[in-house]
There are 2 protein chains.
Amino acid sequence: MIRLLSIVSFAALAIAAPVTAQETEKPEFPSPNAIVDAAPASAWVKIAPSDLLIMDLAPDAEGNPRRVVIQLMPDPFSQGWIRNIRKLAQAHWWDGTSINRVQDNYVVQWGDATEKKALPEGLETVPESGYETEATTGKQGDIVLWHPKNQLTDSYSDWTWFESGWPLAQEIGNDTRTLSRWPVHCYGAVGVGRNYSPDTGSGAELYTVIGHAPRHLDRNIAVVGRIIEGIEHLSSLPRGKGQLGFYEDAGKRVPITSIRLASALPTANQPRFEYLDTEGATFAQYADARANRRDPFFIKPAGGADICNIPVPVRRVSGK
Amino acid sequence: MIRLLSIVSFAALAIAAPVTAQETEKPEFPSPNAIVDAAPASAWVKIAPSDLLIMDLAPDAEGNPRRVVIQLMPDPFSQGWIRNIRKLAQAHWWDGTSINRVQDNYVVQWGDATEKKALPEGLETVPESGYETEATTGKQGDIVLWHPKNQLTDSYSDWTWFESGWPLAQEIGNDTRTLSRWPVHCYGAVGVGRNYSPDTGSGAELYTVIGHAPRHLDRNIAVVGRIIEGIEHLSSLPRGKGQLGFYEDAGKRVPITSIRLASALPTANQPRFEYLDTEGATFAQYADARANRRDPFFIKPAGGADICNIPVPVRRVSGK
């Protein structure tokens, strides 16, 4: 019995595509990308420049610039580490550090390869409790109804969902009242490297996911953001040949020219990004289409999707 | 209620690590890799050279050789396409073709960029029914008991499991009697490119997954194998700047020197590989450890895993 009940039909939860009795031909179903392209301006939410981290790498072998843009997570998630990251960027701490580790189907990691560079004053030591965030205490019914369109089955939590543009997981405590939530490790997620517990990392050593979502890292490492542009400058780097994909040859490390908050750049140079409002109707339609591909190439819609296979659309915009 | 029942505890299904009443100290839990490293010889299954496809690419910019090894799926999965692939390799059809598409967090694709090269005689036209394989017809109880240790929750099927070294998904038909199974798109899976339905592709155009598992492709494209060595030669290639990640600049395409079945090479040159027997006790222990990381780095075991986050261990062996 568990086997059958374990499948929640996403289609039943999401907005069904309209089919009228008059239609005798197969209705046309737009692709997820087409849905996003047709989204009204009101479906997009601006990302504040103070939540963007701009990482410039040394140019590639052909002299092309390499810029990676990271969006930091909003309150209340991982804020202790994020405060440290803002301080590190303000101190220009990463300038002259490097990409040191590229492990296939896992992570790219950057920071101070010497592990000797002094950290700025005033960084917080964040406790392990910071990996999870206690949320609304209430009846279970509240949770089920909270986001009826975005619920997904999950192998790593009681429940996954999207909130304020981010993929999250949550779990009911044994007391059936306490609810904890945490950000998840999807492709492009940015996390805080650390040593063995109780160390949780300062934020000076960061990594991003370049393979299948390593969700076993959830609640074991702090997720602080995600790459929204330029991940190919990291994911296409040669894999390191040392243990865990670290470069054995220091010459393979890619120098980091600078990491800055976008808000620290002159206004004219600040890149502008928006994400698709995860609380809106367009996102629900997009998520449904991701879970039930009915655009012409597809024969059999999956009927579901895991949270990391529904990436939140983010776009670069021009102007103010 | 569905929410709570939707979580099947992997720990409850897998072999629990032994803890005796005498133990007062925290027991030591080996990492998944340590479990694999300690596996007895009997836990490994040889892969026949006739099931290995050896793809040699032109050397990289530094003159290093680039070899990719693909393991083909066993009967009864995707065999029509695999027969075609064997014929294409025997005809040396791929020699002089190229890697034409690299799309970040999705696929690398290879074949004849001109789309004009004549195919060998005698290739099969495989119908869409080949995407799924009808399996044992029986009571539902049989299925639940089939592999009690390897069951996993899944967002794309009724059930995922491992059989003969491969990750598979299955679904009970509406008649509650027919069972269909299919191979899944995990990282490194190799599939058959195609045009719009009813075309299912000949096998001449192949791709591999280099990002988060695109499980929505399951049952829509034929999975014919997986890369077991050298995927980094594909996953670290520069991303294509054309639509869908195709290289706009033909000069970016990486030439394929040759693709051969290992069985067509002189015996002394045939690489030897083994996979960890997915029906054995070591694999169950490994899968449990992947789903419940208790090795020193981890604080909170996930309590579950999706099938693509439990890659089947494969190793290269020397000798006969």
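Computed from a prediction, not measured in an experiment: that's the story for all the values here.

Next up on the list: the overall build of chain A. A tally of helices and strands in chain A yields seven helices and 15 strands. When each of the 320 residues of chain A is scored for burial, the buried share is 53%. In chain A, the proportion of contacts linking residues at least 24 apart, taken out of those at least 6 apart, comes to 72%. Total accessible area on chain A stands at roughly 14,100 Å², and carbon and sulfur atoms take up 52% of it.

The next subject is the relation of the copies chain A and chain B. For the pair chain A and chain B, the relating rotation is 180 degrees, the translation along its axis is 0.0 Å, and the fit reaches an RMSD of 0.0 Å. Look at the turn and shift together and you get a two-fold axis relating the two. Interface residue correspondence from chain A to chain B reaches 100%, placing this contact among same-surface, isologous pairings.

Residues and elements named next belong to chain A. Strand order in the closed barrel formed by eight strands is β2-β3-β12-β10-β11-β5-β4-β13, and the pairing between neighbours is antiparallel. Strand-to-strand twist across the sheet, computed as the mean angle between neighbouring axes with direction ignored, equals 35 degrees. Here four bridges tie strand β4 (residues 98–102) to strand β5 (residues 107–111), and the two strands are oriented antiparallel to one another. Among the inter-strand pairings, Val102 is bridged to a residue of β5, identified as Val108.

Whenever strands of a sheet pair, they do so through backbone hydrogen bonds, lying parallel or antiparallel. Residue and element names in this part refer to chain A. The four strands lie next to each other as β6-β9-β8-β7, forming an open sheet whose pairing is antiparallel. Each end of this open sheet is capped by a strand with a single partner; those strands are β6 (133–134) and β7 (159–163). Two elements, β7 and strand β8 (residues 166–172), share five bridges in a ladder whose sense is antiparallel. If you follow Trp161 over to β8, its bridge partner there is Leu168.

Here we come to the packing of aromatic side chains. Residue and element names in this part refer to chain A. Applying the stated criterion across every chain, the model contains twelve aromatic pairs over all chains. Both rings, one in Phe162 and one in Phe283, keep their centres 4.9 Å apart while their planes meet at 70 degrees; by these two values the pair is edge-to-face. A residue pair is termed long-range when its members are at least 10 positions apart, and Phe162 in strand β7 and Phe283 in helix α7 (residues 281–291) qualify at 121 residues. What makes Phe162 buried here is its relative accessible area of 1%. A relative accessible area of 0% places Phe283 in the buried class.

It is worth spelling out the state of the cysteines at this point. Two cysteines form a disulfide when their sulfur atoms are joined by a covalent bond. Residue and element names in this part refer to chain A. Going through the model one piece at a time under the given rule, you end up with two disulfides over all chains. Here Cys186 pairs with Cys308 through a disulfide, and the sulfurs are 2.1 Å apart. Its S-S torsion of about -75 degrees marks the bond between Cys186 and Cys308 as left-handed, since a negative value means left-handed. Remark: Cys308 occurs in the loop between α7 and β15 (314–317) and Cys186 occurs in the loop between β9 (179–183) and β10 (189–192); sequence separation between them is 122 residues.

The subject of this paragraph is the pattern of salt bridges. Considering all chains together, one arrives at 32 salt bridges over all chains under this definition. Arg294(A) is the partner of Asp288(A) in a salt bridge, and the nearest nitrogen-oxygen pair spans 2.9 Å. The partner of Asp154(B) in a salt bridge is Arg215(B), and the shortest N-O contact between them spans 2.9 Å. Taken as a pair, Asp154(B) in the loop between α5 (140–146) and β7 (159–163) and Arg215(B) in the loop between β11 (206–209) and β12 (223–229) lie far apart in primary sequence, 61 residues in all.

What follows is about the nonpolar core. By size, the foremost hydrophobic cluster in this structure holds 45 residues, and its most contacted members are Trp94(B), Ile99(B), Trp110(B) and Leu234(B). Counting residues per element, this core draws most heavily on helix α4 (residues 79–90) of chain B, at five residues. The contact partners of Leu234(B), leaving out residues within four places of it in the chain, are Met55(B), Leu57(B), Val68(B), Ile99(B), Val102(B), Val108(B), Trp110(B), Thr208(B) and Ile227(B). Core analysis: the second largest hydrophobic core is formed by 44 residues, Leu53(A), Ile99(A), Tyr187(A) and Leu237(A) among them.

A few words on α4(B). Residues and elements named next belong to chain B. With twelve residues, α4 extends 16 Å between its outermost C-alpha atoms, agreeing within 8% with the 16 Å of an ideal straight helix rising 1.5 Å per residue. Of all the positions in α4, only Gln79, Gly80, Trp81, Ile82, Asn84, Ile85, Leu88 and Ala89 are classed as buried. Looking at the packing, one finds that the buried side of α4 touches β2 (52–57), β3 (66–72), β10 (189–192), β11, β12 and β13 (254–261). At the exit of α4 stands His92, carrying a positive phi of roughly 55 degrees.

In this structure, Pro198(A) follows Ser197(A) across a cis peptide bond, with omega equal to 15 degrees. Within the element layout of this structure, Pro198(A) appears in the loop between β10 and β11 (206–209). Across the junction of Asp75(B) and Pro76(B), the peptide omega takes the value 10 degrees, indicating a cis bond. Unlike most non-glycine residues, His92(B) shows phi in positive territory, near 55 degrees. In this fold, His92(B) is placed in the loop between α4 and β4 (98–102).

Moving on: the interface of chain A and chain B. With 60 residues of chain A in contact, the opposing surface of chain B contributes 60 residues. A combined buried area of about 5,400 Å² lies between chain A and chain B, and 55% of that area is made up of carbon and sulfur atoms. Between Lys252(A) and Glu62(B) there is a salt bridge, and its shortest N-O distance comes to 3.2 Å. For the pair chain A and chain B, the number of links is 25 residue pairs in polar contact (both at pLDDT 80 or more). For the side of chain A that touches chain B, the elements supplying multiple residues, two or more each, are α1 (2–5), α5 (140–146) and α6 (232–235) of chain A. The class makeup of the residues in the side of chain A that touches chain B is 27 nonpolar, 16 polar and 17 charged.

Detail in the predicted coordinates should be disregarded across regions flagged by low pLDDT. Residues and elements named next belong to chain A. Per-residue confidence for chain A averages 86 on the pLDDT scale, and 86% of its residues sit at or above 70. Low confidence marks residues 137–151, where pLDDT is under 50. Its contacts with residues over four positions away, or in another chain, come to 36 contacts. Interface confidence for the predicted complex, given as ipTM, is 0.89, next to a pTM of 0.89.

Okay, the environment of Pro313(A) next. Residues and elements named next belong to chain A. Here Pro313 is to be found in the loop between α7 and β15. Sequence separation between Pro313 and Ile256 is 57 residues, and the spatial gap between their C-alpha atoms is 27 Å. Setting aside residues no more than four positions away along its own chain, Pro313 makes contact with Val36, Trp44, Glu274, Tyr275, Leu276, Phe283 and Tyr286.

Residues and elements named next belong to chain B. Relative to the helices and strands, Asp112 resides in the loop between β5 (107–111) and β6 (133–135). A distance of 2.7 Å separates a polar atom in the side chain of Asp112 from a polar atom in the side chain of Thr114. Among all residues touching Asp112, those that are not within four sequence positions of it are Trp93, Thr97, Asn100, Lys117 and Glu205.

What counts as what
Residues numbered from 1 in each chain as written. Chains lettered and ligands numbered in written order. Predicted model: local features only at pLDDT ≥ 70, side-chain atom pairs only at ≥ 80, totals over all residues. Heavy atoms only, no water. Helix = DSSP H or I, 4+ residues; strand = E, 2+ residues; numbered from the N terminus. Buried < 20%, exposed > 50% of the residue type's maximum accessible area, 1.4 Å probe, protein only. Contact = heavy atoms within 4.5 Å. Areas by Shrake-Rupley, 256 points an atom, 1.4 Å probe, with all protein chains shown as cover. Least-squares fit on C-alpha atoms with pLDDT ≥ 70 in both. Pairing = 2+ DSSP bridges. Axes fitted to C-alpha atoms, helices over the stretch in contact; angles between N-to-C directions. Phe/Tyr/Trp six-rings, centres within 6.5 Å; stacked < 30°, edge-to-face > 60°. Disulfide = S-S within 2.5 Å. Salt bridge = Lys/Arg side-chain N within 4 Å of Asp/Glu carboxyl O. Core = buried A, V, L, I, M, F, W, Y, C linked by side-chain atoms within 4.5 Å. Expected span 1.5 Å × (residues − 1). Buried area = accessible area lost by both parts, 1.4 Å probe. Polar contact = N/O pair within 3.5 Å; in protein donor to acceptor, adjacent residues only side chain to side chain. Nonpolar A, V, L, I, M, F, W, Y, C, P; charged D, E, K, R; others polar. pLDDT = per-residue confidence, 0-100.

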